[in-house]
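# Report on the structure
What follows is each chain in one-letter form.
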Amino acid sequence: MVLAGLFLALFATSSAVKAKQIAIVIDDIGYHQRDLEFLSLPGQLSYSILPHTPYSQIFATLASQSNKELLLHVPMQALNGKKLGPGALTLNMDKAQLQQTLGNALASLPQVKGVNNHMGSALTQQTQAMKWTMEVLKKRQLYFLDSRTTDLSQAQNAANFLGVENIGRHVFLDNITTPEQLQFRLEELKSKATKYQFAIAIAHPYPETIDFLRHALPQLTEQGFELVPVSQLVEKKYIQLAQAHGKGINAR
């Protein structure tokens, strides 16, 4: 009986790891009342909320009541000099300023389970700033999703250095919002989920995106994909790493 139970547990773990799982994060939440409409979409979407914005609190409250996973969408300085908005982390901040700014933003949205960057192509390249950021997340036991707005991002390296669980975005779903491009990016996402056993997309609260997702999300389930919160894929990543490490030890 004990061996049978152990076998079933191992089989369940193995099956869970092999399932094709997808997380879709809706970024840039908080500035517009229409953002609330995205809570009506089916399935376990995740939502990343900009701090100190007009609808951040009501969105967080309603999302939590619906058991939706939330992230803090932290504005970080970009190379293009775009306006960042409140709660932004910038290159001219020292450690105390950056950590206080991030801490205040997190305190305003205690429901979040993780953090990802809004823009940040300049700041995420800076190892020291990323280490300061990860120190805050480590204390609060939050994960970091790298939006990967630059190929030179040091965010995940800093997270690994400080022991912060982290993961990276695979696909931007709606950089171009035509139906053809949305479908093309979704197919790319599905391909990556099939190849790597999981994949993460980031989308935005555009009218074209919500119309597309209303039809596309039910089809994902029919096609054998499971829509899950980001935290579940963070956990899955570390299960895979542990299994790979175990195989390496056995091989030696």
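Residues numbered from 1 in each chain as written. Predicted model: local features only at pLDDT ≥ 70, side-chain atom pairs only at ≥ 80, totals over all residues. Heavy atoms only, no water.

With that settled, the discussion passes to the overall build of the chain. Scanning the chain for helices and strands turns up 8 helices and 9 strands. Rg of the C-alpha trace for the chain: 19 Å, near the compact-globule value of 18 Å for 252 residues, within the 12% margin. Along the first, second and third principal axes, the C-alpha atoms of the chain reach 60 × 45 × 35 Å. Each of the 252 residues in the chain was classed as buried or not, and the buried ones make up 48%. Counting only contacts in the chain whose residues sit at least 6 apart along the sequence, the fraction spanning at least 24 positions is 72%. When the accessible surface of the chain is totalled, it reaches about 12600 Å², and 55% of it is carbon and sulfur. (Helix = DSSP H or I, 4+ residues; strand = E, 2+ residues; numbered from the N terminus. Rg over C-alpha atoms; globule rule 2.2 N^0.38 Å. Buried < 20%, exposed > 50% of the residue type's maximum accessible area, 1.4 Å probe, protein only. Contact = heavy atoms within 4.5 Å. Areas by Shrake-Rupley, 256 points an atom, 1.4 Å probe, with all protein chains shown as cover.)

Mapping H204 onto the fold places it in the loop between β8 (198-203) and α7 (207-222). Since its relative accessible area comes to 9%, H204 is described here as buried. One polar contact links H204 to D174, side chain to side chain, over a distance of 2.8 Å. Other than its neighbours up to four places away in sequence, H204 contacts I26, D27, D28, F38, F172, D174 and T209. (Polar contact = N/O pair within 3.5 Å; in protein donor to acceptor, adjacent residues only side chain to side chain.)

Quick look at the packing of helix α6 (residues 179-196) against α7 now. Packing of α6 against α7 leaves a shortest axis separation of 11 Å and a crossing angle of 40°. When the interaxial angle is binned, α6 and α7 end up oblique. Crossing geometry of α6 relative to α7 is assigned as right-handed. Along the contact surface, α6 presents P179, L182, Q183, L186 and K190, while α7 presents E208, F212, A216 and L220. Split into classes, the residues belonging to the contact of α6 with α7 amount to 6 nonpolar, 1 polar and 2 charged. (Axes fitted to C-alpha atoms, helices over the stretch in contact; angles between N-to-C directions. Parallel < 35°, antiparallel > 145°, perpendicular 65-115°, else oblique. Left-handed = near helix turned anticlockwise from the far one by under 90°. Nonpolar A, V, L, I, M, F, W, Y, C, P; charged D, E, K, R; others polar.)

Structurally, T90 can be placed in the loop between β3 (69-76) and α3 (95-108). Look at T90 and you get buried, because its relative accessible area is 18%. Side-chain polar atoms of T90 contact the side chain of N92, separated by 2.5 Å. Contact partners of T90, with chain neighbours within four places excluded, come to Q77, L84 and L123.

The next point concerns the environment of T133. Within the secondary structure, T133 is located in helix α4 (residues 127-140). By relative accessible area, which is 0% here, T133 ends up buried. Other than its neighbours up to four places away in sequence, T133 contacts M76, L89, L98 and L102.

Bringing the environment of H52 into the picture now. Within the element layout of this structure, H52 appears in the loop between β2 (46-49) and α2 (56-65). Among the residues examined, H52 registers a relative accessible area of 40% and is labelled partly exposed. Sequence-distant contacts of H52, defined by excluding residues within four places in its chain, comprise P86, G87, N104, A105 and S108.

Given a rise of 1.5 Å per residue, 16 residues ought to cover 22 Å, and the 24 Å separating the end C-alpha atoms of α7 matches this to within 8%. The sharpest bend along α7 measures roughly 35° and falls at L213. Restricting attention to buried positions, one finds in α7 the residues T209, I210, F212, L213, A216, L217 and L220. The inward-facing, buried residues of α7 contact β1 (21-29), α6, β8 and β9 (226-227). Note on α7: the residue one or two positions beyond its end, G224, has a positive phi of about 90°. (Expected span 1.5 Å × (residues − 1). Bend = angle between axes of the 7 residues up to and from the residue.)

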